[in-house]
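The lines below spell out each chain.
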Amino acid sequence: MTSWLDHTINGLIVGNIYALLAVGLALIFGVSRLINFAHGSVYVVGAYIGWVAVAHLHTPLPVTILLVAAGSALLGLLIERFGLRPLQGSTKIAPLLATIGISFVLDQIVQIVFTPDPRALPSQLPDWRFQIGGGTIGALDILIAAIGFTSAVLLFGFLRFTKLGWAVRATAQDRDAARQMGVDVDQVNRIVFAIASALGGLSGLLVGMYYNYIDPAMSFQATLKGVVAEVVGGVGNIPGAIVGSLILGLVESYGIALLGTSYRNLFAFILLVVILVLRPNGLFASKRQLPPEPLTGTFIAPSKPVPLPTPALLAALAVAAVLPLVIAQPYLLQTLTNAWLYALLGISLTLIAGTVGQISLGHAALLAIGGYTSALLTLDLGVPVGLSILAAGFVAAGLGTLLAWPAFRLRGHYVTIATLAIGEIVSLAILNWESLTRGPIGVFGIPPISLFGYPIESARAVYWFTLAILAVLAALQLRLLRSHLGRAWRAVRDDDVAARSYGIALDRYKALAFITGGFAAGISGGVTSHLYSFINHETFNAQLSILALTIVILGGMGNVFGAIVGSVLLIGLPEVFRVAAEYRVLIYGLVLLLLIRFRPQGLFGTV
Amino acid sequence: MPLLEVSGLVRRFGGVTAVGGVDLSVEEGRLVSVIGPNGAGKTTLFNLITGLDRPDEGKVSFDGADITGFAPEKLAHLRLARTFQHGRVFANLSVLGNVLVGAHARLRAARPRLPVLGALGELALALIQPGSVRREEAALRAEALAIIARFGERLLPRQDQPAYSLSYANRRRVEIARALALSPRLLLLDEPTAGMNQTETAEMQALIAELKASGLTILLIEHKLDMVMSLSDEVVVMDDGKVIARGLPQAVRHDPAVIEAYLGHREVGGGAAEKALAEAAE
Ligand SMILES: Nc1ncnc2c1ncn2[C@@H]1O[C@H](COP(=O)(O)OP(=O)(O)OP(=O)(O)O)[C@@H](O)[C@H]1O
Ligand SMILES: [Mg+2]
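If you look chain B up in an unreviewed UniProt entry, it shows as ABC transporter ATP-binding protein from Bosea caraganae.

An unreviewed UniProt entry annotates chain A as ABC transporter permease originating from Bosea caraganae. In the Subcellular location (unreviewed entry) part of its UniProt record, chain A is described as follows: "Cell membrane".

K.L.:
So what about the coordination of the magnesium ion (ligand 2)? Which residues, and what values?
P.N.:
Residues and elements named next belong to chain B. Those donors, Thr43 (OG1) and Gln85 (OE1), are the protein atoms that reach the magnesium ion (ligand 2), and they lie 1.9 to 2.1 Å from it. Note that Thr43 is positioned in helix α1 (residues 42-49) and Gln85 in the loop between β6 (80-82) and α3 (95-102), a separation of 42 residues in sequence. Given the relative accessible area of 24%, Thr43 is considered partly exposed.

K.L.:
So what about the environment of Ala511 of chain A? Which residues, and what values?
P.N.:
Residue and element names in this part refer to chain A. Within the secondary structure, Ala511 sits in helix α21 (residues 506-532). For Ala511 and Gly398, which are 113 residues apart along the polypeptide, the C-alpha to C-alpha distance reads 9.4 Å. Here Ala511 is in contact with Thr401, Trp405 and Phe408, once residues within four sequence places are set aside.

K.L.:
Can you break down the interface of chain A and chain B residue by residue, with the values?
P.N.:
If you look at the interface, chain A gives 39 residues, while chain B gives 52 residues. Of the roughly 3900 Å² buried where chain A meets chain B, counting both sides, 56% is carbon and sulfur surface. Joining chain A to chain B, the criterion identifies 4 salt bridges. Between Asp495 of chain A and Arg88 of chain B there is a salt bridge whose closest N-O contact spans 2.7 Å. Our enumeration of links across chain A and chain B arrives at 16 residue pairs in polar contact (both at pLDDT 80 or more). Of all elements in the fold, only α18 (459-482), α19 (484-494), α20 (496-501) and α21 of chain A reach the threshold of two or more residues within the side of chain A that touches chain B. By residue number, the principal contributor to the side of chain A that touches chain B is α19 of chain A, which donates 8 residues. For the side of chain A that touches chain B, the per-class residue count stands at 19 nonpolar, 9 polar and 11 charged.

K.L.:
Got a sec to walk through a positive patch on the surface? Specific residues and values, please.
P.N.:
Together, Arg479 and Arg482 of chain A together with Arg79, Arg108, Arg111, Arg113, Arg134 and Arg135 of chain B line one region of the surface with positive charge. Counting residues per element, the ones that place at least two in the positive patch are α18 of chain A together with α5 (131-149) of chain B. Assignment of secondary structure puts Arg482 of chain A in helix α18. Using a relative accessible area of 62% as the deciding quantity, one classes Arg482 of chain A as exposed.

K.L.:
Tell me what's going on with the sheet that holds strand β4 (residues 57-62) of chain B, and back it up with residues and numbers.
P.N.:
All names here are of chain B. The 4 strands lie next to each other as β2-β1-β4-β5, forming an open sheet whose pairing is antiparallel. For this open sheet the edge positions go to β2 (16-26) and β5 (65-66), each flanked by a neighbour on one side alone. In this structure, β4 lies alongside β5, joined through 2 bridges in antiparallel fashion. Note that in β5 the partner of Phe62 across the bridge is Ala65.

K.L.:
Lay out the site of ligand 1 with the relevant residues and their values.
P.N.:
Every one of the 15 residues lining ligand 1 counts as a neighbour, but Asn38, Lys42, Thr43, Thr44 and Gln85 of chain B are closest to it. Each of chains A and B places residues near ligand 1. At 2.5 Å, a side-chain N or O of Thr44 of chain B approaches an oxygen atom of ligand 1. One nitrogen or oxygen atom from the side chain of His223 of chain B is found 3.0 Å from an oxygen atom belonging to ligand 1. Here ligand 1 loses 69% of its free accessible area of 640 Å² to cover by the protein chains. The set of elements that each furnish at least two residues to the shell around ligand 1 consists of β2 and α1 of chain B. Counting residues per element, the shell around ligand 1 draws most heavily on α1 of chain B, which supplies 3 residues.

K.L.:
Describe the domain arrangement of chain A, naming the residues involved and giving the relevant values.
P.N.:
Residues and elements named next belong to chain A. If you check the domain split of chain A, you get domain 1 (16-125 + 133-217) and domain 2 (331-541). Each of domain 1 and domain 2 was reduced to a C-alpha centroid, and the two centroids are 35 Å apart. Both sides together, the interface formed by domain 1 and domain 2 hides about 640 Å², and carbon and sulfur atoms give 85% of it. Here domain 1 is connected to domain 2 by 0 salt bridges.

K.L.:
Account for the packing of helix α6 (residues 168-181) of chain B against helix α7 (residues 198-213) of chain B, naming residues and giving values.
P.N.:
Residue and element names in this part refer to chain B. Remark: α6 packs on α7, axes separated minimally by 12 Å, with the N-to-C direction vectors making an angle of 5 degrees. Considering their axes alone, α6 and α7 lie roughly parallel with respect to each other. Here Ala169, Arg173, Ile176 and Leu180 of α6 come into contact with α7, specifically with Glu200, Glu203, Met204, Leu207 and Leu211. When grouped by side-chain class, the residues that make up the contact of α6 with α7 number 6 nonpolar, no polar and 3 charged.

K.L.:
Describe in detail the packing of aromatic side chains, supporting the description with residues and values.
P.N.:
Residues and elements named next belong to chain A. Here the structure, examined in full by the defined rule, presents 11 aromatic pairs over all chains. Judged by centre distance (5.1 Å) and plane angle (80 degrees), the rings of Tyr210 and Tyr211 are edge-to-face. Consider the rings of Phe561 and Phe604, whose centres lie 5.4 Å apart with planes at 75 degrees: the pair is edge-to-face. Taken together, the residues span a long stretch of sequence, with Phe561 in helix α23 (residues 560-576) and Phe604 in the segment after α24 (581-598) at a distance of 43 residues. Residue classification places Phe604 among the buried positions, given a relative accessible area of 15%.

K.L.:
Got a sec to walk through the domain arrangement of chain B? Specific residues and values, please.
P.N.:
Residues and elements named next belong to chain B. For chain B, the assigned domains read domain 1 (1-79 + 184-281) and domain 2 (90-183). Computed over C-alpha atoms only, the centres of domain 1 and domain 2 are separated by 27 Å. Opposite the 20 residues of domain 1 that make contact, domain 2 presents 15 residues. Of the roughly 1600 Å² buried at the junction of domain 1 and domain 2 (both faces included), carbon and sulfur atoms supply 63%. When residues of domain 1 are sorted by the area they lose upon contact with domain 2, His77, Arg79 and Pro184 head the list and together hold 29% of the total. At the boundary of domain 1 and domain 2, one finds 3 salt bridges.

The rules behind each value
- Residues numbered from 1 in each chain as written.
- Chains lettered and ligands numbered in written order.
- Predicted model: local features only at pLDDT ≥ 70, side-chain atom pairs only at ≥ 80, totals over all residues.
- Heavy atoms only, no water.
- UniProt positions renumbered as here; feature names shortened; annotations may be inferred.
- Donors = N, O, S within 2.8 Å, 3.2 Å for Na, K, Ca; no water.
- Helix = DSSP H or I, 4+ residues; strand = E, 2+ residues; numbered from the N terminus.
- Buried < 20%, exposed > 50% of the residue type's maximum accessible area, 1.4 Å probe, protein only.
- Contact = heavy atoms within 4.5 Å.
- Buried area = accessible area lost by both parts, 1.4 Å probe.
- Salt bridge = Lys/Arg side-chain N within 4 Å of Asp/Glu carboxyl O.
- Polar contact = N/O pair within 3.5 Å; in protein donor to acceptor, adjacent residues only side chain to side chain.
- Nonpolar A, V, L, I, M, F, W, Y, C, P; charged D, E, K, R; others polar.
- Patch = residues over 30% accessible without salt bridge, like charges linked within 9 Å, V, L, I, M, F, W, Y side chains within 5 Å.
- Areas by Shrake-Rupley, 256 points an atom, 1.4 Å probe, with all protein chains shown as cover.
- Lys, Arg positive; Asp, Glu negative; His and termini not counted.
- Charge placed at Lys NZ, Arg CZ, Asp CG, Glu CD.
- Pairing = 2+ DSSP bridges.
- Near = heavy atom within 4 Å.
- Domains from an automatic or database assignment.
- Axes fitted to C-alpha atoms, helices over the stretch in contact; angles between N-to-C directions.
- Parallel < 35°, antiparallel > 145°, perpendicular 65-115°, else oblique.
- Phe/Tyr/Trp six-rings, centres within 6.5 Å; stacked < 30°, edge-to-face > 60°.

Here is the structure:
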């Protein structure tokens with residue numbers, strides 16, 4: 001029994017840390033209806049400010065805490081001012097995408113400045129623990145509990161008893177009404193971002209001290225944990241966020257006690273998906289409500305697509321096809337081959353996110369499913385390579401659609417969260433299902449591509465092979481877009497309520513999009529695995545999902561040709577200019593931000 | 001047997017009873033109007049009939065079959081078409097595209113059929129595009145163009161423009177065109193002339209009269225009472241979720257309860273309706 005008390009204390013302490021994150025997310029959602037994906041980056045920055053203070057400035061603990069809170073609040077103000085305020089009045093999805101871009105840029109900057117290596121963040125506290133019942137409590141536990149409690153009390157007092165706090169509450173209730181009553185809504189936004197970021201930064205500091213470990217990659221997990229806690233408690237609900245965080249902390253702690261550490265995140269994400277599906281308004285939500293009336297067509301930037309006549313497309317294909325006869329360097333051909341593979345991912349995501357409007361952030365999971373399917377079929381069952389790649393397409397289409405199924409009943413930002421979580425679940429399943437996937441070691445010695453016994457190994461052959469696949473799948477997708485299916489998909493994106501009223505069953509048409517898109521992504525993953533000859537659970541990571549989204553937005557939502565050009569530009573150009581890997585991700589983030597701000601319809605327009 | 005029959009319909013939102021026990025029936029080929037001050041529960045009633053919302057109590061039957069709580073996509077297959085008060089066009093689709101979506105439930109290529117296999121079959125048909133599918137699509141296009149042509153110069157020259165680029169009035173026309181493409185058995189119009197000027201309203205009235213003359217059954221929500229009075233076979237007046245009067249237009253407009261309801265809501269903003277009522281009563 002003793003250990004259960006320890007697990008409970010541990011769960012509550014970790015829950016307390018999550019609460020600092022989740023309360024900030026809830027505050028921000030409350031006033032701006034935005035799920036802030038950059039929140040984890042603020043948390044990382046907070047942790048690193050703490051590290052600089054402790055390791056270089058040797059500040060005492062209270063000063064460290066103040067520095068972290070102030071620095072993080074400042075960062076929050078900057079994010080609000082330069083990242084989000086300019087997007088007021090643009091499409092609903094723009095701020096969400098912007099926070100994704102911001103988080104990319106911030107994480108990358110932290111990584112460039114401090115290197116990706118983990119660091120120790122000592123807590124500066126005496127190392128005593130005292131005994132309660134069967135468990136122990138240390139000084140740090142008490143500090144975390146105290147900071148959590150104090151923040152909650154301060155926040156409550158601020159919201160309840162100050163004029164500004166009243167303005168925040170009024171804005172959260174009804175932004176337009178508050179504005180009409182003379183509330184300075186921009187100021188409320190600033191305040192909320194500052195408070196939320198200060199709490200987020202503190203959370204990062206405390207986690208770093210708790211585990212005596214920080215690294216730049218913590219950001220993504222932190223965002224996810226905060227979002228999970230927030231969704232469990234009901235988005236925008238501050239007390240709900242605190243309770244949700246404690247529940248999440250306990251669920252994780254008990255789960256780890258039962259099954260081991262490697263399952264930790266799995267619980268969080270499964271909890272998220274279950275809550276989203278069963279109680280999308282959180283555990284404490286009131287009665288069923290109708291979805292709010294959308295301003296139709298504002299979800300995706302409306303624009304006239306650039307007309308692309310078929311002869312022009314065929315000419316472009318012809319040029320691409322003869323390129324290997326002109327280009328001698330295999331290096332350039334390999335880069336373009338890579339671009340074709342990303343383009344397959346791009347046309348897949350542009351269908352799901354652009355044509356059907358389901359902004360998926362778990363798209364790399366489809367690549368992973370395809371990659372593992374083809375690799376394991378060839379290695380374990382001796383299936384010939386060409387056939388295994390085809391099977392990869394079908395398995396990714398089928399399994400991907402089944403996995404995405406819970407997200408079909410969700411709308412807007414919730415789809416993004418759910419697909420992100422589902423993507424993580426896939427990656428964790430690959431990591432933990434060792435008997436099938438070989439676990440963390442990964443799959444070695446995947447045979448190279450061959451077709452009907454003919455090896456496809458030279459740079460030229462691989463180039464043509466991937467180009468041919470891309471051309472065929474892109475043509476098929478264009479054909480579908482011109483059919484009644486294309487119409488139905490775009491109707492779902494523009495107004496799902498009206499679409500249903502005209503007989504379009506949402507589940508069915510979303511499923512058809514995932515089947516079509518999953519096939520292309522699965523093929524891409526399959527081919528990739530044979531080209532790399534080695535894959536593991538990190539080969540197709542969440543960064544790929546975001547890169548894919550950038551490709552899609554660059555080309556124009558739903559635009560097949562745009563996705564191909566977008567991928568050539570984003571994959572090809574950094575390669576041609578030999579940009580170092582760590583700056584590449586920074587560039588992707590910046591491109592995403594600039595696009596959202598200045599050309600939301602992308603290069604070729606929304607189709 | 002009436003085509004649409006609603007009995008004892010109730011829908012509460014927290015403390016508000018938006019629809020509190022409404023009975024209604026619409027005979028085939030007739031035009032019934034639902035009027036009432038703002039917040040009377042008219043749109044909520046439409047939502048309950050068309051499956052966008054589920055009633056807490058009561059029953060809706062269509063053509064003799066119970067359709068209470070049916071999903072909207074299922075109702076579309078029964079040829080129940082509606083327009084929306086606040087306008088819900090597919091912004092990035094062209095005018096023609098919008099109208100074609102209206103015919104979605106009629107497409108043979110898109111029949112639901114078996115759960116999973118039906119969907120896969122639909123995908124396969126869309127990929128292969130056999131002659132039958134192409135012919136169906138071509139016929140539908142011709143039909144959609146004919147519907148657009150009913151709106152004359154307003155829509156015909158704009159058939160390839162995306163809906164987001166249209167004026168407010170034109171979006172409403174697109175919505176009606178889209179509803180007609182379903183070749184509905186029952187058409188529900190929620191304030192089709194909201195935001196239209198006098199000429200445009202007269203045009204819309206003529207169109208609705210034409211539809212009625214062609215035998216279409218229509219349930220109409222409208223604040224412009226001149227129009228209601230001249231088009232309707234029957235008028236149902238709602239206030240605070242309840243039907244307070246019903247009958248022939250002439251009878252209803254002199255009903256003291258109706259006048260009272262409109263006057264009582266002066267401050268709620270039913271100004272236009274109230275003025276129209278006063279004019280109509282003169
Ligand atoms: N989703 C909802 N949640 C809470 N209350 C609602 C909801 N929908 C409608 N109501 C309330 O129900 C009542 C009836 O609203 P409804 O929109 O049906 O009125 P209406 O007769 O269509 O008015 P109008 O002429 O202004 O369109 C109103 O008091 C409204 O505030
Ligand atoms: Mg209404």
